[in-house]
Amino acid sequence: MTNPLLQDWDTPFGLAPFDAISDDDFAPALDEALTAHRAEIDAIAGDPNAPNFDNTIGTMEAAGGALDKVLGAFFTVAGADSNPAREGLQRDFSPKLAAHFSEISSNKALFSRVAVLWAGRDDLDLTEEQARVLMLTHRGFVRAGAALEGAKEQRMKDIKARLAVLGTQFTQNLLADERSWFMELSEDDLEGLPDFVVGAARAAGEEKGAAGPVVTLSRSLIVPFLQFSPRRDLREKAFLAWEARGANGGDTDNRAIAAETLALREERANLLGYGTFADFKLETEMAKTPDAVRGLLMDVWEPAKRQANADADVLTQMMHEDGINGDLAPWDWRYYAEKRRAAEHDLDEAALKPYFQLDRMIDAAFACATRLFGLNFAPLDVPLYHPDCRAWEVTRDGNHVAVFIGDYFARGSKRSGAWCSAMRAQAKFPKVQSPVVINVCNFAKSDPALLSYDDARTLFHEFGHALHQMLSNVTYESVSGTSVARDFVELPSQLYEHWLEVPEVLGEFATHAKTGAPMPQEMLEKVLGAATFDMGFQTVEYVASALVDLAFHDGPPPADPMAKQAEVLGALGMPEAIRMRHATPQFAHVFSGDGYSSGYYSYMWSEVMDADAFEAFEEAGGAFDPERAKALEEHILSTGGSRDAAELYVAFRGRLPGVEALLKGRGLAA
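About the thresholds
Residues numbered from 1 in each chain as written. Predicted model: local features only at pLDDT ≥ 70, side-chain atom pairs only at ≥ 80, totals over all residues. Heavy atoms only, no water. Helix = DSSP H or I, 4+ residues; strand = E, 2+ residues; numbered from the N terminus. Rg over C-alpha atoms; globule rule 2.2 N^0.38 Å. Lys, Arg positive; Asp, Glu negative; His and termini not counted. Charge placed at Lys NZ, Arg CZ, Asp CG, Glu CD. Axes fitted to C-alpha atoms, helices over the stretch in contact; angles between N-to-C directions. Parallel < 35°, antiparallel > 145°, perpendicular 65-115°, else oblique. Contact = heavy atoms within 4.5 Å. Nonpolar A, V, L, I, M, F, W, Y, C, P; charged D, E, K, R; others polar. Salt bridge = Lys/Arg side-chain N within 4 Å of Asp/Glu carboxyl O. Buried < 20%, exposed > 50% of the residue type's maximum accessible area, 1.4 Å probe, protein only. Pairing = 2+ DSSP bridges. Core = buried A, V, L, I, M, F, W, Y, C linked by side-chain atoms within 4.5 Å. Left-handed = near helix turned anticlockwise from the far one by under 90°. Phe/Tyr/Trp six-rings, centres within 6.5 Å; stacked < 30°, edge-to-face > 60°. Lys NZ or Arg CZ within 6 Å of the ring centre and 35° of its normal.

## Re the overall build of the protein
- The helix and strand inventory of the protein stands at 27 helices and seven strands.
- The C-alpha radius of gyration of the protein comes to 25 Å, within 12% of the 26 Å expected for a compact globule of 670 residues.
- Along the first, second and third principal axes, the C-alpha atoms of the protein reach 80 × 60 × 55 Å.
- The averaged location of the 102 negative side-chain charges in the protein is 2 Å from the averaged location of its 63 positive side-chain charges.

Shown next as structure tokens:
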């Protein structure tokens, strides 16, 4: 029987035929795709002709098509709809893939061809994009260890293979802890909870096969429970379970994995001649150095901590007025912050939430993209990997642009968080291909599905990433879409969040789930007026995580990461009632792979730019100014990594930004 993963996909828009793919297909397809890719690489390395761009860089860009198809389908389901079979495959695939790509990066004959081209680059008559691809290819080989010899070369291969295993295990341990824990609620325990939280708890109970409603460790359920439950004992139990993910002892404990990962990263950097892993990692980012990152974070930390401490005093007084003595605890903050928000801004989350229907917020994100970039979205009826998924064809002026897939609901088979990925990236070489882009979220399922304001921001954020993929207009896939510096990749996503806050957008799309009535003007003004509410808390929990991440990698690796975490937080004067947004054992951004290691700061770095970039719209004709939208697409969204990130931003804005717009936007300016 033929393997559907290895066939030409005669499907609408060349989508993966998920209805024909079984878990048994992945392993043999991967083996065959790896063999084919290896043969392609060997042919390039062994080419008797003198190297030129086309027969070396071009053929490398064109290689691996079968592997891309297999991995695109596999990693989609492994992250968003896992099961024991897929988890086992992921454990098997990680070291195999690490070894494969390590073999390519250490191929001396291949590297020598690239090195020859790099040395003679000034005489190659390359386009700007080709010159960029050559630079990135050569740099990638060097940073991967291609210039290493003997024992050092072998050690680098071993380190990469081990890191791949550790990253997979970290992710699966975290998923296991999140999937296994839930707290059953009696009918009495539901007292004081808004209907939308009760509905989400009942839906979660059905998904878990429980006798009644439950609280799970999905952020979209546990956070509103912590906001609204008057039962301090239940809030404490739920919070401590949430905080303990990855640190419960036994087979799913991530603390030893974190320690080994940090040690191996440091050794990897040292092999390449860098003093620390942070030095190695940040060299290719906009920030360039650990000192630059630390400077930005500390510029934000002090005003954020001042605001958080002032807020803590107010919340503590509210708690004492409820007859609870002692100190404000982490499981108290969200509850009293919500009561304070209701009192000071006259905002009731339970009354607000019916205006943020999932379907209407999807419509809003699409409508903004239509006004800004001329994109149109039409539903597609195609086989996808889970019944919850939905798909749309994206067109402009009647021409096909992309396929967009949305997978919005939380479930036990999906890892936590929200993300955007491309099953197929845009490219024009070796053939023209349009992107297939997926947004994955973890919203609580209900009928109708209702979002919090933060959930709606997440939806816009991930759609901003999707636009970066869909509007990409480059030749080579290696610089397509979000293939940019890590501290630049969040700019389009965080910038797009601003359009949710445009009054006319909320006025049109924030409509009541039952009556269909638009959000009352008074409520709309309160929503926008409360946009910076509790921003001290939100900024402190984020910046603390970013500073701990930096400290882990900017110096000798700690033997005990938890002790190092405590040391960093102690030196910062971390407020007692606030925890890191991601404590070490559940810090998947940093330990599930290298992506955000030494790079969690990048959200803040990008926010400096996104606050400044949206000011450019406001300074022009407003949020939908056509000239600014055209410049945003031309200089940032369409260019991918084909030019330097700082150069792209200056082309859009005319200058690099300062931190002032960020502090103003967060309500933290002095």
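Moving on from the model shown.
## Overview of the packing of helix α2 (residues 53-62) against helix α6 (residues 128-144)
- With their axes 11 Å apart at the nearest point, α2 and α6 run at an angle of 75 degrees to one another. The angle between the axes of α2 and α6 places the two elements in the roughly perpendicular class. Facing F53, I57, M60 and E61 of α2, the residues of α6 in contact are Q130, V133, L134, T137 and F141.
- When the residues that make up the contact of α2 with α6 are grouped by side-chain class, the tally is six nonpolar, two polar and one charged.

## Describing the pattern of salt bridges
- A complete count under the given rule lists 49 salt bridges for this structure.
- Across the pair E149 and K108 runs a salt bridge, and its minimum N-O distance is 3.9 Å. One end of the pair, E149, is in the loop between α6 and α7 (150-180); the other, K108, is in helix α5 (residues 108-119), with 41 residues separating them in the sequence.
- According to the relative accessible area criterion, K108 is partly exposed, its value standing at 31%.

## Some details on the sheet that holds strand β7 (residues 436-443)
- Sheet architecture is open: five strands sit in the order β3-β4-β5-β7-β6, paired in mixed fashion. Each of the sheet's edge strands pairs with one partner strand only, and the pair in question is β3 (375-380) and β6 (419-424). Pairwise comparison of adjacent strand axes, ignoring direction, gives a mean angle of 25 degrees for this sheet.
- For β3 and strand β4 (residues 390-396), the ladder comprises six bridges, and the chain directions are antiparallel. Considered in β4, the bridge of N376 is made with T395.

## Describing unusual backbone geometry
- Between F429 and the following residue, P430, the backbone shows a cis peptide bond with an omega angle of 5 degrees.
- The peptide bond linking D447 to P448 adopts the cis configuration, its omega dihedral lying at 0 degrees.
- Mapped onto the fold, P448 is located in the loop between β7 and α17 (453-470).
- The phi angle at D534 is positive, at roughly 60 degrees, despite the residue not being glycine.
- What makes D534 buried here is its relative accessible area of 14%.

## Description of the pairing of strand β5 (residues 399-409)
- Here β5 lies mainly inside the structure; nine of its 11 residues are buried.
- Sheet topology places β4 next to β5; seven bridges connect them, and they run antiparallel. Directly across from V394, in β5, lies its bridge partner A402.
- Where β4 folds back on β5, the antiparallel hairpin that results is connected by two residues, among which D397 adopts a positive phi of roughly 55 degrees.
- As paired elements, β5 and β7 share six bridges and run parallel to each other. The residue bridging I405 from the neighbouring strand is I438, located in β7.

## So, the nonpolar core
- Counting 137 residues, the largest nonpolar core has L459, F463, M470, F488, Y496 and W499 as the members making the most contacts within it.
- Those residues in contact with L459 that lie beyond four places of it in its chain are L358, M361, I362, A365, Y408, F443 and L451.
- The next biggest cluster of nonpolar side chains, apart from the first, holds 34 residues, and it includes A29, A33, I438 and V440.

## Overview of the packing of helix α25 (residues 626-637) against helix α26 (residues 645-653)
- Here α25 crosses α26 at 165 degrees, and the two axes come no closer than 9 Å. With respect to their mutual orientation, α25 and α26 come out roughly antiparallel. As for the relative orientation of α25 and α26, their crossing is right-handed in sense. Between α25 and α26, the residues in contact are R628, A631, L632, H635 and I636 and L648, Y649, A651 and F652, respectively.
- Within the contact of α25 with α26, the residues separate by chemical class into seven nonpolar, one polar and one charged.

## Regarding the packing of aromatic side chains
- In total, this model carries 38 aromatic pairs according to the counting rule given.
- A centroid spacing of 5.3 Å and a plane angle of 65 degrees characterise the contact between F74 and F75, whose relative ring orientation is edge-to-face.
- The exposure class assigned to F74 is buried, which follows from its relative accessible area of 0%.
- An aromatic cluster is present here, built from F366, F377, W392, F404, F460, F463, Y496, W499, F614 and F617 joined pairwise through their rings.
- The ring of W9 has K69 lying over it, and the distance from NZ or CZ to the ring centre is 4.5 Å.
- Here the basic side chain of R265 rests over the ring of F277, its NZ or CZ set 5.7 Å away from the ring centre.

Any link to function would need more than the numbers given here.
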